[in-house]
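# A structural walkthrough
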Amino acid sequence: MPAIAKVTKEMIIDAAFEIAKEMGAENINARTVSQKLSCSTQPVLYHFKRIEDVRIAAHKKAVEFHINYVTNISGKYERPMLEVGMRHIQFAAEEKNLFRFLFHSNYYTSVSLSDWLTEENFGSVFSILKRQAKADDRQAYSIFSQIFLVTHGIASLLAGNAIVYDEAYCIRTLSHAYFGIMCLIKEGESL
């Protein structure tokens, strides 16, 4: 008789991540995860004491997925910062359920914007930005955080179905934000 496939903690996290992606994080529960894995609820409850712990693990996986998605710079746009912003917006348009799980849930409550927008998470982007803008660390953070706020506003509206994706509009808006911030920095304004 063949051995029964063992359900691992990683398999449970992957299944919960897929549920969040396909149906929304509110649908992550022992039953849906076990259905996704074609097993009973016992392995889910064995590896995780609470279903909330499954959601937290799936959220962590979604964070990593999002950072990889937005920092995968291909050179499609003329400026790397524009591409990062556009990828965040495209993520919201393409992965609405994950975007809402990441940014419209209570799983980021203990993380401030400055804690999240770090070189640890966006190192390659910060180094490109510092070179491109001829900026020091503080200026690069200011530029990045200001552009992120504009970008995230557009992305949130898209994920909430309040607007329709319009690439030309997004490019124009992000370009105006970038050049406005650069102008302020050149004039010596503190952001």
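Summarised in this report is the structure supplied together with it.

## Topic: helix H9 (residues 137–159)
Given 3.6 residues per helical turn, the α-helix brings residues three or four places apart onto the same face. With 23 residues, H9 ought to run about 33 Å at 1.5 Å a step, and its terminal C-alpha atoms sit 31 Å apart, in line with that. Where H9 begins, the side chain of Asp136 points an oxygen toward the backbone nitrogen of Arg138, at a separation of 3.1 Å.

## Notes on the pattern of salt bridges
Inspection of the entire model under this criterion finds six salt bridges. With its nearest N and O atoms 2.9 Å apart, the salt bridge here joins Asp14 to Lys61. Here Asp14, found in helix H1 (residues 9–23), pairs with Lys61, found in helix H4 (residues 51–70); they are 47 residues apart in sequence, far enough to count as distant. The exposure class assigned to Asp14 is partly exposed, which follows from its relative accessible area of 35%.

## A few points about the packing of aromatic side chains
Taken as a whole, this structure holds five aromatic pairs when the rule is applied. Relative to Phe103, the ring of Phe99 lies with its centre 4.9 Å away and its plane at 50°, an arrangement referred to as tilted. Here Phe99 and its partner Phe103 are both found in helix H6 (residues 96–103), four residues apart, which amounts to about one turn of the helix. Grouping residues by exposure puts Phe99 and Phe103 together as buried. Each residue in the set Phe17, Phe65, Tyr69 and Phe91 is aromatic and connected to the rest through ring pairs, giving one cluster. A cation sits over an aromatic face here: Lys61 above Phe17, 5.6 Å from the ring centre. It is Arg87 that lies over the ring of Tyr69; its NZ or CZ is 4.2 Å from the centre.

## With respect to empty space enclosed by the protein
A full pass over the atoms with the stated rule returns two cavities of 30 Å³ or more. Along its surface, the second largest cavity is lined by Arg79, Met81, Leu82, Gly85, Ile147, Leu174, Ser175 and Tyr178.

## Section: the packing of H4 against H6
Two elements in contact, H4 and H6, have axes whose closest approach is 10 Å; the angle formed by their N-to-C orientations is 110°. In terms of orientation, H4 lies roughly perpendicular with respect to H6. Where H4 crosses over H6, the two elements pack in a sense that is left-handed. Residues Arg55, Ala58, His59, Ala62, Val63, Phe65 and His66 of H4 form the contact with H6, whose participating residues are Leu98, Phe101, Leu102 and Phe103. Among the residues making up the contact of H4 with H6, the classes are represented as eight nonpolar, two polar and one charged.

## Section: the packing of H1 against helix H2 (residues 30–37)
Two elements in contact, H1 and H2, have axes whose closest approach is 9 Å; the angle formed by their N-to-C orientations is 105°. Viewed along their axes, H1 and H2 adopt a mutual orientation that is roughly perpendicular. Residue-level inspection shows Met11, Ile12, Ala15, Ala16, Glu18, Ile19 and Glu22 of H1 in contact with H2, the latter providing Thr32, Val33, Lys36 and Leu37. In terms of residue class, the contact of H1 with H2 is made up of seven nonpolar, one polar and three charged.

## A word on the nonpolar core
Formed by 39 residues in total, the largest nonpolar core has its most connected members in Ile28, Val33 and Val54. Listed by contribution, the elements that provide at least two residues to this core are H1, H2, H4, helix H5 (80–94), H6, H9 and helix H10 (167–186). Of all the elements, H4 adds the most residues to this core, at eight residues. Once residues lying within four places of it in the same chain are set aside, the contact partners of Ile28 are Ala16, Ile19, Ala20, Val33, Ile51, Val54, Arg55 and Ala58.

## Overview of the side chain of His152
Its place among the elements puts His152 in helix H9. Residue classification places His152 among the buried positions, given a relative accessible area of 17%. In contact with His152, not counting residues within four places along its chain, are His88, Phe99 and Phe103.

About the criteria used
- Residues numbered from 1 in each chain as written.
- Predicted model: local features only at pLDDT ≥ 70, side-chain atom pairs only at ≥ 80, totals over all residues.
- Heavy atoms only, no water.
- Helix = DSSP H or I, 4+ residues; strand = E, 2+ residues; numbered from the N terminus.
- Expected span 1.5 Å × (residues − 1).
- Polar contact = N/O pair within 3.5 Å; in protein donor to acceptor, adjacent residues only side chain to side chain.
- Salt bridge = Lys/Arg side-chain N within 4 Å of Asp/Glu carboxyl O.
- Buried < 20%, exposed > 50% of the residue type's maximum accessible area, 1.4 Å probe, protein only.
- Phe/Tyr/Trp six-rings, centres within 6.5 Å; stacked < 30°, edge-to-face > 60°.
- Lys NZ or Arg CZ within 6 Å of the ring centre and 35° of its normal.
- 1 Å grid on protein atoms, 1.4 Å probe; cavity = no way out; pocket = protein on both sides within 12 Å on 5 of 7 lines; lining within 4 Å.
- Points joined across faces, edges and corners; volume = space filled by probe spheres on them.
- Axes fitted to C-alpha atoms, helices over the stretch in contact; angles between N-to-C directions.
- Parallel < 35°, antiparallel > 145°, perpendicular 65-115°, else oblique.
- Left-handed = near helix turned anticlockwise from the far one by under 90°.
- Contact = heavy atoms within 4.5 Å.
- Nonpolar A, V, L, I, M, F, W, Y, C, P; charged D, E, K, R; others polar.
- Core = buried A, V, L, I, M, F, W, Y, C linked by side-chain atoms within 4.5 Å.

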